[in-house]
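# Notes for the structure review
Each chain, letter by letter, is given below.
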Protein chains: 2
Amino acid sequence: MSSYSIGDLSAQSGVKVPTIRYYEQIGLIAAPARTEGNQRRYGSAELNRLRFIAHARDMGFAMDSLKSMLSLSTRKDAPCAKVDAIVEQHLAEVDQRIKQLTRLRGELAGMLSGGHHGTVGECRVVEVLSDHDHCGYEHGAAA
Amino acid sequence: MSSYSIGDLSAQSGVKVPTIRYYEQIGLIAAPARTEGNQRRYGSAELNRLRFIAHARDMGFAMDSLKSMLSLSTRKDAPCAKVDAIVEQHLAEVDQRIKQLTRLRGELAGMLSGGHHGTVGECRVVEVLSDHDHCGYEHGAAA
DNA sequence: GATAATCCTCCAGTCACTGGAGCTTTTCGT
DNA sequence: ACGAAAAGCTCCAGTGACTGGAGGATTATC
Ligand SMILES: [Zn+2]
Ligand SMILES: [Zn+2]
Ligand SMILES: [Zn+2]
Ligand SMILES: [Zn+2]
């Protein structure tokens with residue numbers, strides 16, 4: 001059988017029930033067929049679409065990219081260059097983020113180094129956090 | 001002189017004016033003195049606190065950690081172990097995030113590799129996004 | 001003393017959900 | 001076949017961390 005209730009769909013996709021309704025509301029997924037008693041019934045196409053959404057969201061794609069990819073992924077014979085471009089851009093963003101976090105990691109490690117601060121008054125963490133001049137890292141500069 | 005208007009404070013700290021008022025509203029900073037005409041006037045202590053907040057926020061500390069660190073950083077003779085612990089935990093989180101992003105990077109790069117997909121129908125990006133089985137990465141597992 | 005810039009409060013909106021109240025429908029055991 | 005329990009429905013409100021606007025008062029500058 002290929003008829004899922006919203007709960008089934010939720011279980012199969014890992015997306016919570018209210019979130020599915022929310023996605024319908026914002027037009028991310030289409031309004032499905034209803035039973036006599038007004039309950040939503042989905043087919044496997046909707047399940048696939050929802051999995052696509054969940055997977056992409058899980059990988060940190062922005063909602064906008066997601067919508068673009070969804071609309072681009074419907075025509076199987078269309079060129080995939082645009083989809084690929086979105087992924088490339090996301091890859092670049094991820095790279096950027098990794099670099100930022102690596103620098104931040106250094107900053108945090110630096111705060112903790114030198115060890116045995118003892119009191120808040122001597123604590124390098126508090127010092128660095130209180131005054132960016134002690135930090136040496138240009139936070140917003142590479143954003 | 002050590003009397004700043006909210007605009008001065010904003011300029012000195014890099015925190016936007018409405019955000020400063022918001023921080024006051026949620027109790028992150030204390031309500032400052034007012035002029036005859038009801039305008040906020042700040043001293044350098046408030047500026048320091050705001051800089052602390054901005055700096056920590058900039059480094060991705062959660063609002064909760066921030067509050068803890070703020071309350072811990074007031075008594076200069078208290079031991080700094082707790083502050084350090086918060087930073088250590090944040091460092092661990094950053095490490096974790098870097099690992100996740102590095103794996104994600106691999107996944108994204110893998111999607112783009114093999115090149116020349118041509119059409120959406122053959123596109124590895126669409127394939128991987130449509131069906132997590134093609135992805136091989138356990139997304140939620142290490143969260 | 002006029003005029004521009006800044007400030008005030010209050011309220012609404014953002015994003016991506018999440019949860020509850022109160023009611024109806026479906027499912028399931030007997 | 002029937003009654004209870006589970007799951008569904010709609011509507012509305014709330015979250016976090018701000019951001020922005022309306023409409024009006026105050027301050028700074030020339
Ligand atoms: Zn310390
Ligand atoms: Zn810094
Ligand atoms: Zn492709
Ligand atoms: Zn995957």
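Note that this is a predicted model, so its numbers are computed, not measured.

Rules used throughout
- Residues numbered from 1 in each chain as written.
- Chains lettered and ligands numbered in written order.
- Predicted model: local features only at pLDDT ≥ 70, side-chain atom pairs only at ≥ 80, totals over all residues.
- Heavy atoms only, no water.
- Contact = heavy atoms within 4.5 Å.
- Buried area = accessible area lost by both parts, 1.4 Å probe.
- Salt bridge = Lys/Arg side-chain N within 4 Å of Asp/Glu carboxyl O.
- Polar contact = N/O pair within 3.5 Å; in protein donor to acceptor, adjacent residues only side chain to side chain.
- Helix = DSSP H or I, 4+ residues; strand = E, 2+ residues; numbered from the N terminus.
- Phe/Tyr/Trp six-rings, centres within 6.5 Å; stacked < 30°, edge-to-face > 60°.
- Near = heavy atom within 4 Å.
- Nonpolar A, V, L, I, M, F, W, Y, C, P; charged D, E, K, R; others polar.
- Axes fitted to C-alpha atoms, helices over the stretch in contact; angles between N-to-C directions.
- Parallel < 35°, antiparallel > 145°, perpendicular 65-115°, else oblique.
- Left-handed = near helix turned anticlockwise from the far one by under 90°.
- Domains from an automatic or database assignment.
- Patch = residues over 30% accessible without salt bridge, like charges linked within 9 Å, V, L, I, M, F, W, Y side chains within 5 Å.
- Areas by Shrake-Rupley, 256 points an atom, 1.4 Å probe, with all protein chains shown as cover.
- Expected span 1.5 Å × (residues − 1).
- Buried < 20%, exposed > 50% of the residue type's maximum accessible area, 1.4 Å probe, protein only.
- Least-squares fit on C-alpha atoms with pLDDT ≥ 70 in both.

## Quick word on the interface of chain B and chain A
Each partner contributes to the interface: chain B provides 51 residues, whereas chain A provides 50 residues. For the pair chain B and chain A, the two sides together bury roughly 4100 Å², of which 74% comes from carbon and sulfur. Looking only at chain B, the three residues that lose the most surface to chain A are H55(B), V120(B) and L129(B), adding up to 17% of its buried area. Our count for the chain B to chain A interface comes out at 2 salt bridges. With a closest N to O distance of 2.6 Å, D95(A) and R105(B) form a salt bridge. For the pair chain B and chain A, the number of links is 16 residue pairs in polar contact (both at pLDDT 80 or more). At 19 residues, the largest contribution of residues to the side of chain B that touches chain A is made by helix α5 (residues 81-112) of chain B.

## Comments concerning the packing of aromatic side chains
If you walk through the whole model with that rule in mind, you get 2 aromatic pairs over all chains. Between Y22(A) and Y23(A), the aromatic rings sit 6.0 Å apart at their centres with planes inclined by 45°, giving tilted as the arrangement.

## Quick word on the protein's contact with DNA strand C
Taken together, 18 residues are adjacent to DNA strand C, and T19(A), S5(B), G7(B), R21(B) and R40(B) come closest. Protein-proximal atoms of DNA strand C, defined as those within 4 Å of the protein, fall in sugar or phosphate at a share of 84%. The contact in question runs from a phosphate oxygen of DNA strand C to an N or O atom on the side chain of T19(A), over 2.7 Å. In this structure, G7(B) approaches DNA strand C through a main-chain N or O atom, which is 2.6 Å from a phosphate oxygen. Among the elements of the structure, α2 (17-25) of chain A together with α1 (6-13) of chain B are those that each provide at least two residues to the surface near DNA strand C. Looking at which element gives the most residues to the surface near DNA strand C, the answer is α2(A), with 4 residues. Broken down by class, the residue content of the surface near DNA strand C amounts to 5 nonpolar, 8 polar and 5 charged.

## Describing the packing of helix α4 (residues 63-72) of chain A against helix α5 (residues 81-112) of chain A
Residue and element names in this part refer to chain A. Relative orientation of the contacting elements α4 and α5 amounts to 160°, with a least axis distance of 9 Å. By the angle between their axes, α4 is roughly antiparallel relative to α5. When you trace α4 past α5, the crossing you get is left-handed. Contact with α4, carried on its side by S65, S68, M69 and L72, involves K82, V83, I86 and V87 of α5 and no other residues of that element. Residue composition of the contact of α4 with α5, by class: 5 nonpolar, 2 polar and 1 charged.

## Description of the domain arrangement of chain A
For interface size, the figure often reported is the accessible area lost on association. Each domain of chain A was delimited in the assignment, giving domain 1 (6-60) and domain 2 (93-135). Inter-centroid distance (C-alpha atoms) of domain 1 of chain A to domain 2 of chain A is 43 Å.

## Considerations on the protein's contact with DNA strand D
Taken together, 17 residues lie around DNA strand D, and G7(A), R21(A), R40(A), T19(B) and Y22(B) are the ones closest in. Sugar and phosphate atoms represent 87% of those atoms of DNA strand D found within 4 Å of the protein. Here R21(A) contributes a side-chain N or O atom positioned 2.3 Å from a phosphate oxygen of DNA strand D. Within the side chain of Y23(B), an N or O atom sits 2.8 Å from a phosphate oxygen of DNA strand D. Of all the elements in the fold, those that place two or more residues in the surface near DNA strand D are α1 (6-13) of chain A together with α2 (17-25) of chain B.

## As for a nonpolar patch on the surface
A contiguous nonpolar patch, built from Y22(A), I26(A) and M63(A) and spanning about 240 Å² of accessible area, is present on the exposed surface. You can see I26(A) is positioned in the loop between α2 and β1 (33-34).

## What about the pattern of salt bridges?
Residue and element names in this part refer to chain A. For the structure shown, the criterion picks out 6 salt bridges over all chains. Here E24 ties to R34 by a salt bridge, and the two come within 3.9 Å at their closest N and O atoms. Of the two residues, E24 sits in helix α2 while R34 sits in strand β1, which places them 10 residues apart along the sequence. Within this structure, E24, R34 and R40 form a network of salt bridges that share partners.

## Quick notes on helix α3 (residues 44-58) of chain B
In this model, α3(B) (15 residues) spans 21 Å end to end at C-alpha, consistent with the 21 Å of a helix rising 1.5 Å per residue. Within the span of α3(B), buried status applies to L47(B), L50(B), F52(B), I53(B), A54(B), H55(B) and A56(B).

## A look at the relation of the copies chain B and chain A
The two copies are related by a screw motion: chain B maps onto chain A through a turn of 180° and a shift of 0.0 Å along the axis, at an RMSD of 0.1 Å. Put plainly, the chains are arranged around a two-fold axis. Identified as the residue of chain B closest to the rotation axis by C-alpha distance is I98(B), at 2.9 Å. Comparing interface residues between copies, 98% of those in chain B also lie at the interface in chain A; the contact surface is shared.

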